[in-house]
Amino acid sequence: MTTYGLELWMTTTAVVDGFKMSESFLGPRIQPAAQFGQDLTGTIRQVVGALFKCLEMHESYWLQRTGSEALPTFGFQYDVALEPLKLNMKSILDNFRSNVEQLVPVLESILTPATLADIQKMVALPDRQFRCPDELWVKTIYEFAAAYHHSAINRDHLLQALTPLYRARVSSFILENAKAPVAKLDERFDELGQVFESQKPYLIDRWSAKAGGDR
Amino acid sequence: MKDVVLRSLNETFGKFGDMLLQFLPHLLVMLIIFVVGWFVAIVLKFLTRRIFAFVSVSRLSKDAGISQILSKADLPPAGELFSSLVFWVVWFGFLLIGVDALGVPELQLEVGKFFLFLPQIFVALLVLFGGLLAANFFSRAALLAAVNANLPSARAISGFVRFIIILLTVAMALEQIALARSTVLITFAIAFGAIMLALAIAFGSGGRDAAHRMLDRMFPPPEPQKEERAKQEEISPL
């Protein structure tokens, strides 16, 4: 298991086994030098692959749960200063448009026609109006998770197909919050978490459906 | 005169009756073999379907993209298709045994030849099936790798990988059933050689700049400007 996989496994196992949970502010995450320069696809394969694997391992736990609880927090809360980042959004968005067009045959095996149609509509948006709404992103991730569970296609291929969509989501987030303060970003993450929570029945629905049965 | 005609008619009908009496049991045996064969084929089809369900063939075929191809071609899923194939092969085999039971020497010879040929057809079909699986798997892997590396014409690369594997598979299957063996071999060698030569020429003459860019990307010069530009075009995962 990779570092990312180990972290996810430890966290989810602690939750499932009923350990006391809490949060603490540890400052900026320091990455080992060896992990710098690692490609995005490789990282997604590790992180999302581990996450989906943990979902499968603990399905009997999370399938029956609803709602969420706030965790107690320890230590001083402080904002993390972010270094300004220059990104060539035009190049990233152009690559995304081209990638989605090329990947349609693969995405057809993973996503529902409605979600794929929404993604294709997003492809047609001009650069300035480019947005990947929270609902669409959450549905996409849930459909990928269900497709992973049902082995709709080779699992490694499935994880690789997520990379262009992740790039689009991050680009949209940057365009939307380019000038937002850090506190505002935290609010946005909370909102996204709530969308994930409110759409959980959709995940359960797709997870429990027979493989490809209701596509 | 009248007696001769009557006797001749009598003899002819008598011979015909004898032949019919000799032939009818064979015909009956043939019909029984047909019916028994049909039942055996149905049972084997059912067993094959169960075995395929047990070893999750549908999952494997989905995994390799075979299910998509079959559904696009309006064909049933892989397990259903293979069990139907088993049904028809077995029943066809019984039909031939039934025809053989008629005792017509010419037919018996042809039936014998067919049975000698049957294993080769089976192996050729397996080679085709395996080749199709490999072609889909590797073409999808090539597509994803090319897309994620932002290479232009990712679909063309993927299609090329699929074409080469299918070409190789068809050549192997035809070689297996010994159909125009030397023609197939020569055609494959010429086609494969021509494709590789065309690619080499195209890359050498038209793709000089692309080769330069690829080499630049693979072995980037340690200039700060280039690193900065690369950073701007990619989202860091960390």
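A.B. asks: I'd like a rundown of the overall build of chain B, residues and numbers included.
C.D. replies: Within chain B, the secondary structure is distributed over nine helices and zero strands. Taken from N to C terminus, the helices and strands of chain B fall in the order α-α-α-α-α-α-α-α-α. Put simply, chain B has 238 residues, and 18% of those count as buried. For chain B, the proportion of contacts with a sequence separation of at least 24, taken over those separated by at least 6, is 61%.

A.B. asks: Explain the overall build of chain A to me, and be specific about the residues and the numbers.
C.D. replies: Along the backbone of chain A there are 10 helices and two strands. Ordered by position from the N terminus, the helices and strands of chain A form the series α-β-α-α-β-α-α-α-α-α-α-α. By the burial criterion, 27% of the 215 residues in chain A qualify as buried. Long-range pairs, those at least 24 residues apart, make up 88% of the contacts in chain A with a sequence separation of at least 6.

A.B. asks: Please provide a residue-by-residue account of unusual backbone geometry, values included.
C.D. replies: A positive phi angle is found at S151 of chain A, which is not glycine, with a value near 50°. The backbone phi angle of N150 of chain B is positive, close to 55°, even though this residue is not glycine. Considering the arrangement of structural elements, one finds N150 of chain B in the loop between α5 (105-148) and α6 (154-176).

A.B. asks: I'd like a rundown of the packing of helix α4 (residues 89-108) of chain A against α5 of chain B, residues and numbers included.
C.D. replies: Between α4 of chain A and α5 of chain B, the least distance of the axes is 10 Å, while the angle of their chain directions is 160°. On the basis of the axis angle, α4 of chain A is roughly antiparallel to α5 of chain B. The handedness of the crossing between α4 of chain A and α5 of chain B comes out as left-handed. Between α4 of chain A and α5 of chain B, the contacting residues are N99, Q102, L103 and V106 of chain A on the first element and R140, L143, L144 and V147 of chain B on the second. Of the residues belonging to the contact of α4 of chain A with α5 of chain B, the class tally is five nonpolar, two polar and one charged.

A.B. asks: Can you tell me about the confidence of the model for chain B, naming the residues and giving the values?
C.D. replies: Per-residue pLDDT for chain B has a mean of 81; in total, 84% of the residues score no lower than 70. Across the whole predicted complex the pTM is 0.70, and at the interface the ipTM reaches 0.82.

A.B. asks: Provide a residue-level description of the confidence of the model for chain A, including the pertinent values.
C.D. replies: The predicted model of chain A averages 85 in pLDDT, with 90% of residues at 70 or higher. Mean pLDDT across the secondary structure elements of chain A bottoms out at helix α1 (residues 3-16) of chain A, with 84, and peaks at helix α6 (residues 134-149) of chain A, with 94.

A.B. asks: Could you give an account of the nonpolar core, with specific residues and numbers?
C.D. replies: A general tendency of soluble globular proteins is for nonpolar side chains to be buried together. The biggest cluster of nonpolar side chains holds 42 residues, and the ones touching the most others in it are V106, I110, F144, A147, L158, A161 and L162 of chain A. The set of elements that each furnish at least two residues to this core consists of α2 (40-57), α4, α5 (113-123), α6, α7 (155-161) and α8 (163-177) of chain A together with α5 of chain B. In terms of residues, this core owes the most to one element, α6 of chain A, which gives eight residues. Not counting residues up to four positions away in its chain, the partners in contact with V106 of chain A are I153, H157 and A161 of chain A together with R140, L143 and L144 of chain B.

A.B. asks: Requested: an account of the environment of E101 of chain A, with residues and values cited.
C.D. replies: All names here are of chain A. With respect to the secondary-structure elements, E101 resides in helix α4. Judged by C-beta crowding, with 14 C-beta atoms within 10 Å, E101 ranks as partly exposed. It is 8.2 Å that separates the C-alpha atoms of E101 and Q120, two residues lying 19 residues apart in sequence.

A.B. asks: Before we move on, could you go through α4 of chain A and cite the residues and values that matter?
C.D. replies: Taking 1.5 Å per residue, 20 residues should reach 28 Å; α4 of chain A reaches 26 Å between its end C-alpha atoms and fits that length. Where α4 of chain A bends most, the angle comes to about 50°, and this point is Q102 of chain A, followed within four residues by the proline P105 of chain A. Of the surrounding elements, those touching the buried residues of α4 of chain A are α5, α7 and α8 of chain A together with α5 and α6 of chain B.

A.B. asks: With reference to specific residues and values, describe the packing of α4 of chain A against α5 of chain A.
C.D. replies: For any two helices packed against each other, the geometry comes down to the angle between their axes and how far apart the axes lie. Residue and element names in this part refer to chain A. Look at α4 against α5: their axes get within 10 Å of each other, and the N-to-C directions meet at 170°. Classed by the angle they form, the pair α4 and α5 counts as roughly antiparallel. Contact with α4, carried on its side by R97, V100, L107 and E108, involves L116, I119 and V123 of α5 and no other residues of that element. Classifying every residue of the contact of α4 with α5 by side-chain character gives five nonpolar, no polar and two charged.

Conventions we followed
- Residues numbered from 1 in each chain as written.
- Chains lettered and ligands numbered in written order.
- Predicted model: local features only at pLDDT ≥ 70, side-chain atom pairs only at ≥ 80, totals over all residues.
- Helix = DSSP H or I, 4+ residues; strand = E, 2+ residues; numbered from the N terminus.
- Buried ≥ 20, exposed ≤ 12 C-beta atoms within 10 Å, placed from the backbone.
- Contact = placed C-beta atoms within 7 Å.
- Axes fitted to C-alpha atoms, helices over the stretch in contact; angles between N-to-C directions.
- Parallel < 35°, antiparallel > 145°, perpendicular 65-115°, else oblique.
- Left-handed = near helix turned anticlockwise from the far one by under 90°.
- Nonpolar A, V, L, I, M, F, W, Y, C, P; charged D, E, K, R; others polar.
- pLDDT = per-residue confidence, 0-100.
- Core = buried A, V, L, I, M, F, W, Y, C linked by C-beta atoms within 7 Å.
- Expected span 1.5 Å × (residues − 1).
- Bend = angle between axes of the 7 residues up to and from the residue.

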